[in-house]
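# Coordinates in review
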Amino acid sequence: MTATSYDLLAASAFLTGLSEGHLRQLSYTASRCVFRAGSRVFAEGGHADRFWLINAGRIDLDTHVPGRGDVVVETLGPGAVLGWSWLFPPYRWHFGAFAPQTTFAVSLDASGVRRLCERDPALGYQLTSRFVQVVVERLQATRMRLLDLYKVPS
Amino acid sequence: MMPLPYRVTGRRQETSDTATLILEPVRQPMAAARPGQFSMVYAFGVGEVPISVSGPPDADLVVHTLRAVGAVTRALHDARVGQVLGLRGPYGTDWGLPVPVGSDLVIVGGGIGLAPLRPAVYHALDQRARYRRVAVLIGARTPDDLLFTKEYDDWRAGGVEVGVTVDRADTTWAGRVGVVPDLITGLEFAPESTVALVCGPEVMMRFTARALLRRGVPPAAVRVSLERNMHCGTALCGHCQLGPLLLCRDGPVVGYDRAQPLTGVKEL
Ligand SMILES: Cc1cc2nc3c(=O)[nH]c(=O)nc-3n(C[C@H](O)[C@H](O)[C@H](O)COP(=O)(O)OP(=O)(O)OC[C@H]3O[C@@H](n4cnc5c(N)ncnc54)[C@H](O)[C@@H]3O)c2cc1C
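Per an unreviewed UniProt entry, chain B carries the name Oxidoreductase and comes from Planosporangium thailandense.

The name an unreviewed UniProt entry assigns to chain A is Cyclic nucleotide-binding domain-containing protein, from the organism Planosporangium thailandense.

Here we come to empty space enclosed by the protein. Gaps left between atoms show up when a probe the size of a water molecule is rolled over them. The final tally for this structure, using the stated rule, is two cavities of 30 Å³ or more. If you add up the space inside the largest cavity, you get close to 70 Å³. In this structure, the largest cavity is lined by 13 residues; those nearest its centre are B:A33, B:V53, B:D58, B:L61 and B:V62. In terms of residue class, the lining of the largest cavity is made up of eleven nonpolar, one polar and one charged. In this structure, the second largest cavity encloses a volume near 50 Å³. Forming the boundary of the second largest cavity are A:M144, A:R145, A:L149, A:Y150, B:G139, B:A140, B:T165, B:D167, B:G178, B:V179 and B:V180.

Inspection of the region around the ligand gives 21 residues, with B:P50, B:R67, B:T73, B:E227 and B:N229 positioned closest. At the site occupied by the ligand, the surrounding residues belong to chains A and B. Measuring from an oxygen atom of the ligand, one finds a backbone N or O atom of B:P50 at 2.7 Å. For the ligand, an oxygen atom lies 3.2 Å from a polar atom in the backbone of B:V72. Calculation on the ligand without its partners gives an accessible area of 890 Å², and the protein chains cover 73% of this total. Split into classes, the residues belonging to the shell around the ligand amount to twelve nonpolar, six polar and three charged.

The UniProt feature table records "domain: FAD-binding FR-type" (unreviewed entry) at residues 1-97 of chain B. Here residues 1-97 of chain B is 7% helix and 47% strand, with 27 Å between the C-alpha atoms at its ends.

Calculation rules
- Residues numbered from 1 in each chain as written.
- Chains lettered and ligands numbered in written order.
- Predicted model: local features only at pLDDT ≥ 70, side-chain atom pairs only at ≥ 80, totals over all residues.
- Heavy atoms only, no water.
- 1 Å grid on protein atoms, 1.4 Å probe; cavity = no way out; pocket = protein on both sides within 12 Å on 5 of 7 lines; lining within 4 Å.
- Points joined across faces, edges and corners; volume = space filled by probe spheres on them.
- Nonpolar A, V, L, I, M, F, W, Y, C, P; charged D, E, K, R; others polar.
- Near = heavy atom within 4 Å.
- Polar contact = N/O pair within 3.5 Å; in protein donor to acceptor, adjacent residues only side chain to side chain.
- Areas by Shrake-Rupley, 256 points an atom, 1.4 Å probe, with all protein chains shown as cover.
- UniProt positions renumbered as here; feature names shortened; annotations may be inferred.
- Helix = DSSP H or I, 4+ residues; strand = E, 2+ residues; numbered from the N terminus.

Put into structure tokens, the structure is as follows:
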């Protein structure tokens with residue numbers, strides 16, 4: 001049996017603890033999607049109109065560095081959330097996203113989710129706190145890389 | 001306490017600053033080291049440093065992988081085949097293998113930290129049927145700094161999941177970019193029956209342990225290797241004291257339940 005958007009949302013670790021009602025509301029904005037290996041998911045600076053929960057595969061966040069090409073800054077794997085630029089104006093992607101391998105995800109429509117959150121602050125709170133957690137984890141990972149831990153000690 | 005003479009019978013350059021030495025006893029061998037234990041390795045005329053065993057348990061042959069960071073490790077890194085070094089040991093606590101039948105084994109190594117874990121990977125490959133899932137998660141600064149890359153395919157073929165990530169890479173790298181604790185997010189394992197073995201820079205071990213604890217792995221089941229500076233190796237000089245522990249005797253491998261309050265403690 002094919003899993004519905006609702007099933008996929010209910011199974012996602014990111015949304016664990018959300019009520020059935022909230023999951024159902026979100027599922028109306030959600031659809032399953034597949035990124036073929038080698039396809040671009042979005043380009044840096046583009047309109048951030050959705051976000052994704054990755055189920056399988058891998059997405060590279062990249063940025064174009066003149067003379068060096070598209071440099072990967074971070075890789076997101078199964079269980080990760082792709083995209084938070086949809087949360088705040090000007091709703092533009094800060095980095096690009098690329099699927100180096102076939103990747104399965106659930107896509108959620110940003111304007112639909114924002115409308116749901118405005119109507120239902122409890123859902124807004126639930127989602128925002130989860131996104132803050134993701135942002136904090138990414139910030140900590142970035143700080144860890146800034147420390148350059150594996151460098152030869154001086 | 002006297003070092004035993006060992007001859008370098010093999011040497012492999014792993015990365016630009018890291019080499020693996022195969023050492024055979026000139027006369028009397030040390031006892032075979034258990035995975036996670038270390039030797040005190042003496043470069044005659046230069047000095048002596050603790051180095052973990054990176055090969056399978058074997059009394060007739062000791063394998064060490066070392067990174068040149070200072071005078072002694074540089075001298076050892078530069079040792080040539082035929083040269084004689086001094087070894088004492090094996091010392092310290094080990095990874096506590098085997099772990100119970102049916103466990104999931106998660107092995108996490110950052111940088112040179114993969115070297116002390118390689119004997120645990122060999123153990124897991126040798127006794128693969130004993131465990132449910134076995135995963136090796138590897139982090140390094142750049143793709144060129146990754147250790148033992150030629151072995152990853154064999155590990156995979158032996159039923160071990162291998163995840164690799166680097167802090168930074170150019171466009172020729174097709175693998176993941178990010179920190180090693182991120183690899184834990186998508187990993188499938190049963191937290192309550194998982195044992196994790198973690199080795200790398202202390203900050204990396206702390207973040208890895210937190211990621212494992214968040215997934216529900218009990219603190220005592222997360223074993224970390226605290227590789228603070230050591231001197232005598234025999235719990236006499238106190239050089240490696242960390243809180244209530246003398247790491248050469250009570251470590252380097254310690255459960256995170258004991259290590260957690262100590263990892264913020266600065267070098268003595
Ligand atoms: C139990 C144990 C097992 C070890 N296993 C290995 C191994 O398998 N392979 C390997 O390459 N190294 C290993 N080390 C680290 C190794 O012992 C040190 O790199 C070595 O002592 C440095 O001596 P040196 O004279 O070359 O450099 P030094 O001049 O003494 O030090 C050079 C620089 O390295 C830093 N440094 C020294 N020791 C450490 C340490 N333990 N952790 C972090 N930074 C350090 C110093 O602060 C200094 O900045 C282990 C250490 C311990 C305690």
